[in-house]
Structures are given as C-alpha cells and as structure tokens.
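Structural description and commentary
These are the residues of each chain, in order.
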Amino acid sequence: MEEKYKVQVTDLHKSYDGVHEVIKGASLDVAPSEVVCIIGPSGSGKSTFLRCINKLEDFQDGHIYLDGVDLADPKVDINKMREKIGMVFQHFNLFPNMTVLENITLAPVELGKEDKETAIKEAHKYLQMVNMDDKADVKPTTLSGGQQQRVAIARALAMKPDVMLFDEPTSALDPEMVGDVLNVMKKLAQEGMTMIVVTHEMGFAKQVADKVAFFYGGVIKELGTPEEIFDHPQEEETKNFLNKVLNI
Amino acid sequence: MHLKKLRKLLLLPVSLLIAALFLTAPKAQAASKKTYIIGTDQTFKPFEIQDKDGTYNGKNPGIDIEILREIAKHENFKYELKIMSFNADVQALQSGQIDGMIAGMSVTEERKKTIDFSNSYYTDGVCLAVAKDSKITSMKDLKGKTVNVKTGTTSAIYAKSIQKKYGFKLKYYTNSNTSWADVKAGNADACFDDGPSLRYGIANGTGLRIVGKQVSNAPLAFAVKKGENQELLKMFNDGLAWLKKTGRLKKIVNKYTSKKAVKSQVVADTSILGLIKDNAGALLQGLWMTIELSIVGILAALVFGLILGIMGIAEHKFWHGLANVIIYIFRGIPMMVLAFFIYIGMPTLLGHKLPLFTAGILTLMLDEGAYIGAIVRGGFESVDVGQWEAARSLGLPYYKALWKVVAPQGFKLMIPSLVNQFIITLKDTSILSAIGVMDLTQTGANLIAQNFQGFKMWLIIAVIYLIIITLLTWLSNYIQKKMQH
C-alpha cells in the first residue's frame, strides 16, 4: 500500500453464492482529491464494485485500502470506516420519517460526532451549499427527485467524509433535474473532494474526471484520462460502448 | 459485540414484561397464606348453584358449597373457590394447582389411585334423561341414538361401560346445562347425568324427564391430591362428623332435594331488555374482565412480539432461527391447549401455583405474541432495503440503523395488522373461559345455567362483543388517521 493513494483497490473478487462471479479481479488507485468516473454497460459490475468500497457488498478476495487501512481485515470496525466514506445512491434513500434537517443531523448526532446544536448549524451550511436550505423543515417526500438527491449529498457530506461514492446519482432523475445535481458534484470536485462516481453522464465524466475507468465483464478493461478514454480508446469493448452511448 | 448490543436492546422490553407479570401477581396473592384453594364445578345443581355474578356467595349456593362453608366456619380455615369444569378441576387437583376439590365427586377405585377422599357426605347415582316428548322409555331404545355425558364424570364412566351393550353414540360436554339444552333442542336423544342434579333441573324447568331408575349409586366425597393436604382432609372429616351429629347435613341436603326444595331464582322478565336489566351487574363485570384481559394481554403480547420481531431480523442469523422456532411453536398450538398447559400443566414444572389471571395473560402473551412477532418481523422486512443501506453507509451500526431509521417506518406499516391482532385478541380472551376466567363469555354461560335463556343470552353477549369491537375499530381508524398527518 502506497500512502499517496486515498483509496486503493487491489485484485477484487466478488461472487454471489460462491458461484456467480461478478467482479473478477478489479484494481483501482485513487489519489487524494482525485475524481474517478466509472463507466460501462449495465451488468458489468461497476455498481457492485463501488458498493464493495464501503462494504455494503462483501467481497471474497482482494483488498480495499482506505488511508492504508484494509477493509478486508476482519478486525477493522466497518462502522468507523464508513463514517469516512460518503455514499450517494441512485434512489436517494432519504429517510421519509424525518425532515430534511433531521436526515442530515441524524448520523453526526447519533455517532457522537457533534452535539445537536452544532450539527444543526453544520446541516444548514451543507444545505446552503446544495441550495436546499429553504427546505430544511419539510419531509423529503414533498421534494422533487433532483432536490432529494441534493439533500442526500448534503447528508453524506455532514459526516465530513474523506471520500465520496456516487452510485449513478442522476439515473433516476428527470432530465431537467440532472444539471442541478451535477453542478453540486462539480463544486465538490473543485473543492478537492476525493470522488468515485459510477455514471452514465459522459459529459460530466469528460469535464470533471481526472481518470475514467471503463468497466466490462467484472474487470476494469481500460483506465485513462478522459481524453485517452473518450478520444483514443484502445480496447474494442470500449469503442463499442462509447459508440452506443455517444451516438444515440 | 453484536450480541451484546442485541441484549441491550432487548433489555427494555424484557424488563417491561417482567414488570407486567409482577403487576398481575398481587391480584392473586391478596389472600393470606393459610387460604386453601378449593376447586369446584361450574353450576351443577343442586350441588353447585352459581350466583348471577358467577360466584357462590349467594344464599342458595348448593349442597357442596353449603357443606364446605359450614365446615370451614366450624374448623376455622379460610378457602378460596376456583370455579372450572369438573374435568379441569380433577386435572388441577392432580397438578397441585388446587388444594382440595368438592364438586359432587363420586368415590371410585380408579380415582383412589391419585386422590385421597374424605368420608362421604351423600350417596349419589346416575340417571338417564330424555326430552319430555321423547319416545324413549328404556335403555333398550337407545340403539343408534346420540347420548350426552359430561367429560370425566361418573355418568360418563357408567355410560361408557354400557355403551356396547345398548349401542348408542356418546357426545361429550363440559357442563350439564349445555348437555341438557342440547337434548331439549333435539340435537341429542338422551343424556346420562347425576340423579339429584337432573331432578333439580327438571323441577326448575329444563324440559327433560327421567327414564328408569337411578343406577350406579356411589358415595360423594371431598378430595385432595394423594398424600397432600392431609391436614385439610382431616379438618373436613372432623367438620363433616360434626355436621352429621348435629343434623345440619341432613338439613342442607333436604333444602335442595326434598319436594319443597329451593328453586333457582325465578327470572320474571325473560325479554331481552329484561334479561339485560336483570343481569347488568354480572355482564358489566364479565365485560370488564374481558377488557382487562385484552389490554394487559395485548401489551404483554406486544412486548413478546417485539422481542421476537427484533430477533427475526437480528444481525446474527442464529436469532432468526430461534425466533422462527418460537413463532412456529406458539402459532401451532391451539390457544385452549396452551391455556390448559400453562394453568394446569405448568405448576407441576414450576412447583407452585399460577394465579388464574397470570395464566390467562401468559397464554395471550405467548399465543398472540407469536402472531405479533411475525407481524413485526414482516413490517421491518417490508421497509425498503435502500433505507438500511443509506443508514449503514453513514456509519450507523446495525441496531442504531434499525431503531432510528427502519423501525419507525416498519411500525407505520404494521399498524393495520396490529390493530387487527388486537381485535383478534379481544375475541380470543373468550377461550380463556375454559380455565375458568370469569370473562364475558363465561359470565354468559353462568347466567344461562340459571335462566335457561340460551338464545337470548348468547345474542346479548354477541352484541356486546360487536359493540366493543366496533368502538375499537373506530378508535384505531382515528389513531391511524392522526398518525398519517
């Protein structure tokens, strides 16, 4: 493990029921403040790969290091590790039984990171950042998808994570909502957040990513800068995929 | 570590449960230590004649009760009556749940194996009775007919012994009144029952007549479990000797069996309104017991169900299996069997008596709790898995995620099923009348034993249940509406 990486995944293997292998030896290094976008056809294992990084999915083989700590080590307290890894889901997964503000303050208060007063102050700060502060006291179900996703980002940020994982954050949104969410993510990237983003937004990947990983058949088939991947893809599968998604 | 957390999480409901059980305990322990628990039958005239409120505190409580009353006064001991069916009494005696039993019980060789009898206070026998207008005139006419008997009684033993010879079918009941009403209604052709009891009933308008002579005469006696409560048995015998010597025994017996025997309280007004007015006190008392059982029962069941539900989705798979087994067992046992097991069977295991109310609550807790456990687990499981993932991804440990995020949403989904279970619980309390709980159902059975107004009384009881359940449904709809806002 080299200390210069924030996240380092080495030779990751994951299968369901020990039979159906979905990740067949994937490796990825992410430097601090780096933004890595993972693209690829559906079913290629890219979301599963992302979910392994905070152990929402168990994996059978390989290592995932966060700041040098190996998540494969059974002695590691996964809850403590997850506090440092923010996650944003395709379907937002806000808690419908709480207000927007409570969604954000829940974890910092419950985990003893902040007292309630500080947590509320901080929550408003993050809500301002995602431009949702005026909705602090409403229930999430009254919000549009785009608004919910921005609240979800604020909720993840409130734990002050070292890394943010995004699992197709705009896939469930109406097209006119996508921009707002992507803008928030761009802002985050500019502020130096380390991000791993599974996405179908090629424009965003081109514009924001430091590295683009093309996931195919359970492995990272091709990895490079946006220019390398989008303008000069080497692999046949990469070319086919890009042809399909870019020339609709 | 997870086990530790689960334990912590379960501590609250468990302590609530224990507190609930203790709260119900003083109810039964109110009487002092020297009080003997004496089992007796439900109304079995003229030996046992229950009052309107189901007690034997009235002026004419029957031969057995008057004898017991006089002897206790003379011998200076206190007693408390446990009123159950004859058969349940015998089992309770053998399990030590009651200290003694007086219920028109005949001395038989079979019973002597497990029971110590007092001296006899009366000689009793079995009679055959049929409906007034029946064509049956002797035992020979019974071929192919249906004949009622009371479970566990001498009449049943006698009927069984001649069943082959006369070729009739037997139908078993737990109390005489239902058995007689069944014959009168024509569902059965005849019944074997205690002679004095039948004669007393006929004098009071059961609409039956006796066929042939009284047979199988046998002495009646007071009973204790073999080898136990010998001081009680001695006091009874001493008292009985005194009753015989002073002629008091004869007076008591004559009061109920002579031509001028006391009649049951005559019900003047047998219209539905009259019946309600006449029995309002008893009905309200029964209703109150039903409500009390339902509320305490559902609370205990909620606690037990919550524990099972949490076990059912615990992080550790071991708990899932355990919860499944517990739910499987208690959902699989009929509630009446469970009630008998707890009230009559458990004392043998525990080595001490279980108060009736506590036994009733335990039964409800285990049976309804198993159903609630399945509801709770199902409620938790139907919460979107994304909620778990979001909570866990923030670093919340399993049980914090459960308690703060998943459970509140799960409970909301459960409410309709839980309300439904509460209504079922209220109805299920009627099953507890089998172990002698004086709930609304048992009160109804008692009142009918006196006034023979089966149709009207059961109609009144049914309507009372319906009203309560309707009110409950309204209340729960109101609460659900409120919760949605």
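Procedures and definitions
- Throughout, residues of each chain are indexed from 1 in the direction in which the sequence is written.
- Chains and ligands are labelled sequentially in the order written, the chains with letters from A and the ligands with numbers from 1.
- Predicted model: local features are reported for residues with pLDDT of at least 70 only, side-chain atom pairs are reported and counted for 80 or more only, and whole-chain, interface and lining totals are derived from all residues.
- Side-chain measures were taken over the full set of non-hydrogen atoms in the model, leaving aside hydrogen atoms and water.
- Secondary structure counts use DSSP, requiring at least four H or I residues in a row for a helix and at least two E residues in a row for a strand, with both numbered from the N terminus.
- Accessibility here uses a 1.4 Å probe with only protein chains present; expressed as a share of the type maximum, an area under 20% marks a residue as buried, one over 50% as exposed, and anything in between as partly exposed.
- Whether two residues are in contact is decided by their heavy atoms, any of which lying within 4.5 Å being enough.
- We treat two strands as partners when DSSP finds at least two bridges between them.
- The criterion for an aromatic pair is that two Phe, Tyr or Trp rings (for Trp, the six-membered ring) have centres within 6.5 Å, with stacked assigned to planes under 30 degrees apart, edge-to-face to planes over 60 apart and tilted to the rest.
- Charges are assigned to positions over rings by a cutoff of 6 Å between ring centre and Lys NZ or Arg CZ, combined with an angular limit of 35 degrees from the ring normal.
- UniProt positions are given in the numbering used here, feature names are shortened, and annotations may be inferred rather than shown by experiment.
- Interaxial angles span 0 to 180 degrees and are taken between N-to-C directions of axes, which are lines fitted to C-alpha atoms, for helices over the stretch in contact.
- Each angle gets one of four labels, with under 35 degrees taken as roughly parallel, over 145 as roughly antiparallel, 65 to 115 as roughly perpendicular, and the rest as oblique.
- For any helix crossing, the convention is left-handed if the near helix is rotated counterclockwise from the far helix by under a right angle, and right-handed if that rotation is clockwise.
- Residues are grouped as follows: Ala, Val, Leu, Ile, Met, Phe, Trp, Tyr, Cys and Pro are nonpolar; Asp, Glu, Lys and Arg are charged; all remaining types, including Gly, are polar.
- The term disulfide is used for any two cysteine sulfur atoms that are within 2.5 Å.
- Here the limits of each domain have been adopted from an automatic or database domain assignment.
- Throughout, the accessible surface (probe 1.4 Å) given up by two parts as they are put together, summed over both, is called the buried area.
- Salt bridges are defined by distance alone: a side-chain nitrogen of Lys or Arg within 4 Å of a carboxyl oxygen of Asp or Glu.

Here we take up the overall build of chain B. From N to C terminus, chain B includes 17 helices and eight strands. Its C-alpha atoms give chain B principal-axis dimensions of about 85 × 50 × 45 Å. For chain B, buried positions account for 54% of its 485 residues. Look at the contacts in chain B between residues 6 or more apart in sequence, and 75% of them connect residues 24 or more apart.

Our focus in this paragraph is the pairing of strand β2 (residues 20–30) of chain A. Residues and elements named next belong to chain A. As defined by bridge partners, strand β1 (residues 7–16) adjoins β2 across eight bridges and the pair is classed as antiparallel. Each bridged residue has a counterpart across the sheet, and for Leu12 the counterpart in β2 is Ala26. Between β1 and β2, which pair antiparallel in sequence order, lie three residues; one of them, Asp17, sits at a positive phi of approximately 60°.

The relation between two aromatic rings is expressed through the spacing of the ring centres and the mutual angle of the planes. Summed over all chains, the structure comprises 15 aromatic pairs over all chains. Consider the rings of B:Phe304 and B:Phe330, whose centres lie 6.5 Å apart with planes at 75°: the pair is edge-to-face. Note that B:Phe304 is positioned in helix α10 (residues 272–312) and B:Phe330 in helix α11 (residues 317–332), a separation of 26 residues in sequence. Each member of the pair, B:Phe304 as well as B:Phe330, carries the same accessibility label: buried. Ring geometry for B:Trp403 versus B:Phe411: centroids 6.5 Å apart, planes at 85°, classification edge-to-face. B:Trp403 sits in the partly exposed class, given a relative accessible area of 38%. Given a relative accessible area of 29%, B:Phe411 falls into the partly exposed group. Taken together, the aromatic side chains of A:Phe214, A:Tyr216 and A:Phe241 make up a single cluster linked through ring pairs. Against the face of A:Tyr126 rests A:Lys125, its NZ or CZ located 5.2 Å from the ring centre. The residue whose ring lies beneath B:Lys150 is B:Phe44, and the NZ or CZ to ring-centre distance is 3.8 Å.

Here the focus is the UniProt feature "domain: ABC transporter" (unreviewed entry) in chain A. Here, the residues flagged by UniProt with the feature "domain: ABC transporter" (unreviewed entry) are residues 7–242 of chain A. Overall, residues 7–242 of chain A shows 37% helix and 25% strand. The separation of its end C-alpha atoms is 27 Å.

Our focus in this paragraph is the sheet that holds strand β4 (residues 115–131) of chain B. Residue and element names in this part refer to chain B. Strand order in this open sheet of eight strands is β2-β1-β3-β8-β4-β7-β5-β6, and the pairing throughout is mixed. Because the sheet does not close on itself, it has two edges, and the strands there are β2 (79–84) and β6 (169–173). Bridge analysis of strand β3 (residues 100–101) against strand β8 (residues 208–225) gives two bridges, and the strand direction is antiparallel. Across the sheet, the residue bridging to Met101 is Ala223, located in β8.

Residues and elements named next belong to chain A. Look at helix α4 (residues 116–129) against helix α5 (residues 145–157): their axes get within 9 Å of each other, and the N-to-C directions meet at 140°. With respect to each other, α4 and α5 are oriented oblique. With respect to the hand of their crossing, α4 and α5 are arranged in right-handed fashion. Contacts between α4 and α5 involve Tyr126, Leu127 and Met129 from the first element and Val151, Ala154 and Leu157 from the second. Across the contact of α4 with α5, the residue classes tally to six nonpolar, no polar and no charged.

Attention now goes to the state of the cysteines. Taken as a whole and assessed by the stated rule, the structure comprises zero disulfides over all chains. Free cysteine: A:Cys52, not disulfide-bonded; nearest cysteine sulfur from A:Cys37 at 19 Å. Here A:Cys52 falls in the buried class, since its relative accessible area comes to 0%. Unpaired in terms of disulfides, B:Cys191 finds its nearest cysteine sulfur in B:Cys127, a separation of 9.9 Å.

Our focus in this paragraph is helix α1 (residues 46–53) of chain A. All names here are of chain A. Of all eight residues in α1, eight are buried, a share of seventy percent or more. Along α1, the residues classified as buried are Lys46, Ser47, Thr48, Phe49, Leu50, Arg51, Cys52 and Ile53. Among the residues trailing α1, Lys55 stands out with phi positive, at a value near 60°.

A few words on unusual backbone geometry. Cis rather than trans, the peptide bond between B:Lys45 and B:Pro46 has omega equal to 5°. By the secondary structure assignment, B:Pro46 is in the loop between β1 (36–41) and α2 (63–75). A positive phi angle, near 55°, is found at A:Asn93, a position not held by glycine. Summarising the element assignment, A:Asn93 is placed in the loop between β6 (85–88) and α3 (100–110).

Another point: the domain arrangement of chain A. Residues and elements named next belong to chain A. Its domain assignment divides chain A into domain 1 (1–83 + 162–247) and domain 2 (93–159). Distance between the C-alpha centres of domain 1 and domain 2: 25 Å. Each partner contributes residues to the interface: domain 1 has 14 residues there, and domain 2 has 13 residues. For the pair domain 1 and domain 2, the summed buried surface comes to about 1100 Å²; carbon and sulfur atoms form 74% of the total. When the area that domain 1 buries against domain 2 is broken down by residue, the three leading residues are Glu83, Met164 and Val184, summing to 43%. For the interface between domain 1 and domain 2, the tally reads two salt bridges. Across the pair Asp180 and Arg150 runs a salt bridge whose closest N-O atoms are separated by 3.8 Å.

On the secondary structure map, B:Gln387 appears in helix α14 (residues 385–393). The class for B:Gln387 is buried, based on a relative accessible area of 5%. Residues B:Gln387 and B:Ile157 lie 230 residues apart in sequence; the distance between their C-alpha atoms is 65 Å. Ignoring sequence-local partners within four residues, the contact set of B:Gln387 consists of A:Asn93, A:Leu94, A:Phe95, A:Pro96, B:Val405 and B:Gln409.

Attention now moves to the sheet that holds β1(A). All names here are of chain A. The strand order across the open sheet built from four strands is β2-β1-β4-β5, with neighbouring strands paired in antiparallel fashion. Whereas interior strands pair on both sides, the edge strands pair on one side only; in this sheet they are β2 and β5 (69–70). Sheet analysis places strand β4 (residues 61–66) next to β5, joined by two bridges and oriented antiparallel. Bridging from a neighbouring strand, Leu66 pairs with Val69 of β5. Sitting on the sheet, α1 is in contact with β1, β2 and β4, with an inclination near 120° to β1.

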